[in-house]
Amino acid sequence: MRQVATLLLFGVALTAGAAEIWRWKDANGVVHYSDNPVPGAELISVFSAPPSGGDLPPPIPAPQMPPLQPPPQAAPFTYSTCAVLAPVSDETFRGVQPVDVKLSIEPGLRTGHRIQLLFNGVARLDWPPGSISFTLPEVLRGSHTLAVRIVDQNGQVVCSGPSSTFHLQQVSVLSPGRTSAQPGPPPAGN
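Residues numbered from 1 in each chain as written. Predicted model: local features only at pLDDT ≥ 70, side-chain atom pairs only at ≥ 80, totals over all residues. Heavy atoms only, no water.

Enquirer: An account of the environment of valine 122 is needed here, citing residue identities and associated values.
Expert: For valine 122, the position within the fold is in strand S8 (residues 122-123). Separated by 25 residues in the primary sequence, valine 122 and alanine 147 place their C-alpha atoms 9.5 Å from one another. (Helix = DSSP H or I, 4+ residues; strand = E, 2+ residues; numbered from the N terminus.)

What follows is the structure, encoded as structure tokens:
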């Protein structure tokens, strides 16, 4: 019990900020601690508590942080190419027929964007929005234009390619260069 009391006294002395602690043994061999010296006591070193009140050391300044910079703005995304590859410009087809259309989109189509094919200035509703090739069903004779544009999820055009013209010719019996056919023999039998 005395040892517990001695340790408690020692702990109180440490927390009270005592700068000097003395230790000695009495006639019965019991060790005692005190902040007052007695004959035969030895001084033991103890860390002193920091001063209180206005004698506090100046506070340690917080480390300097660089000012916050706004995150760098990403450059707006752009397509380097959106063009009609086929049919090539001024290509001519003979007769009414389907026409294979192929597009070039670089870099590839982004999520949320869709392809529109303009046929004679009007968007084709049957063009698959993410496809770069499609066959236009039966195209009638005449000159036609194709152009491609890419629109984002808000319907804004983000790329618009140049127009390409192709032609469909259909030979006619009324063609001035055609030689007239000779009439055949009259039908037999009357």
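Further notes follow.
Enquirer: I'd like a description of the packing of aromatic side chains, backed by residues and values.
Expert: Applying the stated criterion across every chain, the model contains three aromatic pairs. Measuring from centroid to centroid gives 4.8 Å for phenylalanine 77 and tyrosine 79, while their planes differ by 90 degrees, and the two rings are edge-to-face. Aromatic pair phenylalanine 93 and phenylalanine 166: ring centres 5.9 Å apart, planes at 85 degrees, arrangement edge-to-face. Highlighted residues: phenylalanine 93 in strand S5 (residues 91-94) and phenylalanine 166 in strand S12 (residues 164-169), separated in sequence by 73 residues. Overall, the relative accessible area of 15% leaves phenylalanine 93 in the buried class. Overall, the relative accessible area of 1% leaves phenylalanine 166 in the buried class. Positioned above the aromatic ring of phenylalanine 119 is the side chain of arginine 124, whose terminal nitrogen or guanidinium carbon lies 5.4 Å from the ring centre. (Phe/Tyr/Trp six-rings, centres within 6.5 Å; stacked < 30°, edge-to-face > 60°. Buried < 20%, exposed > 50% of the residue type's maximum accessible area, 1.4 Å probe, protein only. Lys NZ or Arg CZ within 6 Å of the ring centre and 35° of its normal.)

Enquirer: Provide a residue-level description of the sheet that holds strand S9 (residues 133-139), including the pertinent values.
Expert: Taken in spatial order, the three strands line up as S4-S6-S9 in an open sheet, and their pairing is antiparallel. Looking along the sheet, the strands with just one partner apiece sit at the ends: strand S4 (81-86) and S9. Taking the axes of each pair of neighbouring strands and ignoring which way they run, one obtains an average angle of 30 degrees across the sheet. Pairing of S4 with strand S6 (residues 97-106) involves five bridges; the strand directions are antiparallel. If you follow threonine 81 over to S6, its bridge partner there is glutamate 106. (Pairing = 2+ DSSP bridges. Axes fitted to C-alpha atoms, helices over the stretch in contact; angles between N-to-C directions.)

Enquirer: Mind laying out the sheet that holds strand S1 (residues 21-25), listing which residues take part and the relevant values?
Expert: Adjacent strands of a sheet pair through backbone hydrogen bonds, lying either parallel or antiparallel. A sheet is described by the order of its strands in space; here three strands give the open sequence S2-S1-S3, paired in antiparallel fashion. Edge positions in the open sheet fall to strand S2 (31-34) and strand S3 (42-44), since each of these has one partner strand only. When the angles between neighbouring strand axes are averaged without regard to direction, this sheet yields 35 degrees. Taken together, the three bridges between S1 and S3 define a ladder with antiparallel strand orientation. Counterpart to tryptophan 22 in the pairing with S3 is leucine 43.

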